[in-house]
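# Fold and geometry: a report
Read off the chains here:
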Amino acid sequence: MKKMILAAAAAVLAPMIASADVTIKFPDGKADSIYTIEHMLITDMVRSRAEGLMPKVDTLKSVAGIIKFEIDPSGPSRYMIQTPTGRRGVDFFASPGENLAVIITSENPGDYIVTGSPLMDGVTDLSKKSKVILEKYRTAAQANPRDEAAMQAAQNEYTALFKDYVAANPTNPASMYALLNLEGEDFMAGLASVDPSLKNSALYPMVESQKAYVEKSMAAEKKMEEMQSGSYVAPDFTLKNLEGKDVKLSDFRGKWVILDFWGSWCGWCIKGFPKLKDAYEQYKPELEIIGVDCNEPEANWRKGVEKYKLPWVNVYNPEGTTLLADYAVQGFPTKVIVNPEGKIANITVGEDPAFFDTLAKLINEK
């Protein structure tokens with residue numbers, strides 16, 4: 001049925017496609033409007049974070065509910081269309097020489113299909129299926145109490161959707177999109193299984209970039225497991241506190257220490273402060289907390305400590321140190337429990353209530 005719908009849509013727009021690389025058809029009865037269309041070469045997307053590259057922006061007016069424009073001849077690009085209200089409603093990939101049809105059936109909520117290339121036919125199919133799964137996850141996450149079992153089931157179903165697609169379509173360019181939705185071993189196994197010809201596909205630069213990230217993450221996860229063996233001595237460090245004085249981790253031997261890697265830009269870090277303050281009050285002076293601020297200007301750190309009234313030891317981690325790599329920090333917040341002997345007892349990534357159960361168990365068992 002899905003293939004019949006796509007084929008019918010392409011047939012309806014066939015006369016319009018002949019004169020333009022991309023034809024966008026808005027819902028019936030839609031008045032003529034101005035739309036913002038951003039696009040960026042996929043190769044530039046991979047470089048954009050490091051080099052500060054920005055997408056190109058154009059404004060186009062729909063005529064009788066239709067927009068036509070030419071694909072950037074420089075190479076495969078990602079296109080994003082914003083409605084007059086500012087909502088980003090359409091997102092697709094296009095390469096020179098392709099003729100794509102974008103059929104928008106609803107702008108709010110956004111609902112559309114993109115057809116005309118093997119990549120976008122596959123992406124459209126996967127997007128619609130994954131949307132259903134993500135709605136299951138959201139419903140379970142918003143339940144009171146949260147339905148953890150249903151959330152995990154939805155997560156497993158989401159992963160299986162993309163894994164199965166890659167396995168069944170080793171030569172289809174849309175398998176590159178599927179890989180971008182996988183992580184860790186699933187990503188690496190899927191990449192190893194696809195046909196080598198896909199190295200020439202539009203999304204391969206993004207997949208190649210993700211491969212480097214996955215390899216780094218897997219190495220960090222392996223190191224994290226080793227660090228929690230119970231015999232790993234926490235790497236010592238010396239950082240400046242608010243008064244500009246040196247603070248060394250080794251100065252706190254004999255106490256339990258929580259290293260809280262955070263930043264004032266990190267919403268989940270901030271949400272965890274109330275419970276962290278409660279734990280500090282409960283266990284001090286047996287426990288000390290060292291807040292290690294990361295990835296922001298020193299002035300922002302100082303404002304953050306004052307704003308959130310952080311009562312523990314606060315230090316600033318400037319650019320250029322190896323501290324995050326030393327502790328295999330991959331996300332924020334990351335909390336590291338160091339025992340009185342100076343060895344790592346636990347590492348928790350993210351704001352997880354179970355961290356405080358682990359802390360209580362460790363301190364009470366000692």
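Overview of the structure. (Residues numbered from 1 in each chain as written. Predicted model: local features only at pLDDT ≥ 70, side-chain atom pairs only at ≥ 80, totals over all residues. Heavy atoms only, no water.)

## Some details on the overall build of the chain
Let me state the cut-off plainly: By the criteria applied, helices consist of DSSP H or I runs no shorter than four residues and strands consist of E runs no shorter than two, each listed in order from the N terminus. The buried label goes to any residue with under 20% of its type's maximum accessible area, the exposed label to any with over 50%, and the partly exposed label to all in between, with areas taken from a 1.4 Å probe on protein chains only. What makes two residues a contact is simply this: any of their non-hydrogen atoms within 4.5 Å.
Helix and strand content of the chain: twelve helices and 15 strands. Per-residue burial over the chain gives 43% buried out of 366 residues. In the chain, the share of contacts with a sequence separation of at least 24, taken over all contacts with a separation of at least 6, comes to 62%.

## Some points on the pattern of salt bridges
What counts here: For salt bridges, the criterion is a side-chain nitrogen of Lys or Arg within 4 Å of an Asp or Glu carboxyl oxygen.
Applying the stated criterion across every chain, the model contains 14 salt bridges. Put simply, Lys129 and Asp125 hold a salt bridge, and the shortest N to O gap is 3.4 Å. Of this pair, Lys129 and Asp125 are both found in helix α3 (residues 118–142), four residues apart, which corresponds to roughly one turn of the helix. Lys129 sits in the partly exposed class, given a relative accessible area of 44%. One connected set of salt bridges, linked through shared partners, spans Asp260, Lys335 and Glu351.

## Thoughts on the state of the cysteines
Covalent bonding between the sulfur atoms of two cysteines defines a disulfide. Definition in use: Pairs of cysteine sulfur atoms within 2.5 Å are identified as disulfides in what follows.
Counted by the stated rule, this structure contains one disulfide. For Cys266, the disulfide goes to Cys269, at an S-S distance of 2.3 Å. For the disulfide bridge between Cys266 and Cys269, the dihedral angle about the S-S bond is near 85°, and by the sign convention the bridge is right-handed. The buried category is assigned to Cys266, whose relative accessible area is 5%. In this structure Cys294 is a free cysteine whose sulfur lies 8.8 Å from that of Cys269, the closest cysteine sulfur available. The class of Cys294 is buried, set by a relative accessible area of 0%.

## Let's talk about α3
This is how the line gets drawn: To estimate the expected span of a helix, count its residues, drop one, and scale the result by 1.5 Å.
For α3, with 25 residues, the first-to-last C-alpha span of 36 Å sits near the 36 Å given by 1.5 Å per residue. Buried within α3 are the following residues: Leu119, Met120, Gly122, Val123, Thr124, Leu126, Ser130, Ile133 and Ala140.

## A closer look at the nonpolar core
Selection criterion: Here, nonpolar core refers to any group of buried Ala, Val, Leu, Ile, Met, Phe, Trp, Tyr and Cys residues whose side-chain atoms link them within 4.5 Å.
Ile24, Phe92, Leu179 and Leu203 are the most contacted members of the largest nonpolar core, which totals 47 residues. For Leu203, the residues in contact, after removing those within four places along its chain, are Ile42, Phe93, Leu119, Met176, Tyr177 and Leu180. Counting 26 residues, the second largest nonpolar core, distinct from the first, contains Leu239, Val247, Cys294 and Val329.

## Considerations on the sheet that holds strand β15 (residues 344–349)
The following threshold applies: Strand pairing is assigned whenever DSSP detects at least two bridges linking the two strands. Angular values range over 0 to 180 degrees, each being the angle between N-to-C directions of two axes fitted as lines to C-alpha atoms, with helices fitted over their stretch in contact.
Strand order in this open sheet of seven strands is β10-β9-β13-β12-β11-β14-β15, and the pairing throughout is mixed. Looking at the sheet topology across the chains shown, the edges are occupied by β10 (246–248) and β15. On average, each strand axis in the sheet is inclined to that of its neighbour by 30°, with strand direction left out of account. Summarising the sheet, strand β9 (residues 238–241) and β10 pair through three bridges and their orientation is antiparallel. Bridge pairing in β10 links Thr238 to Lys248. In the packing of helix α10 (residues 298–308) onto the sheet, contacts are made with β9, β11 (256–262), β12 (287–293) and β13 (313–316), and the angle to β13 comes to roughly 165°.

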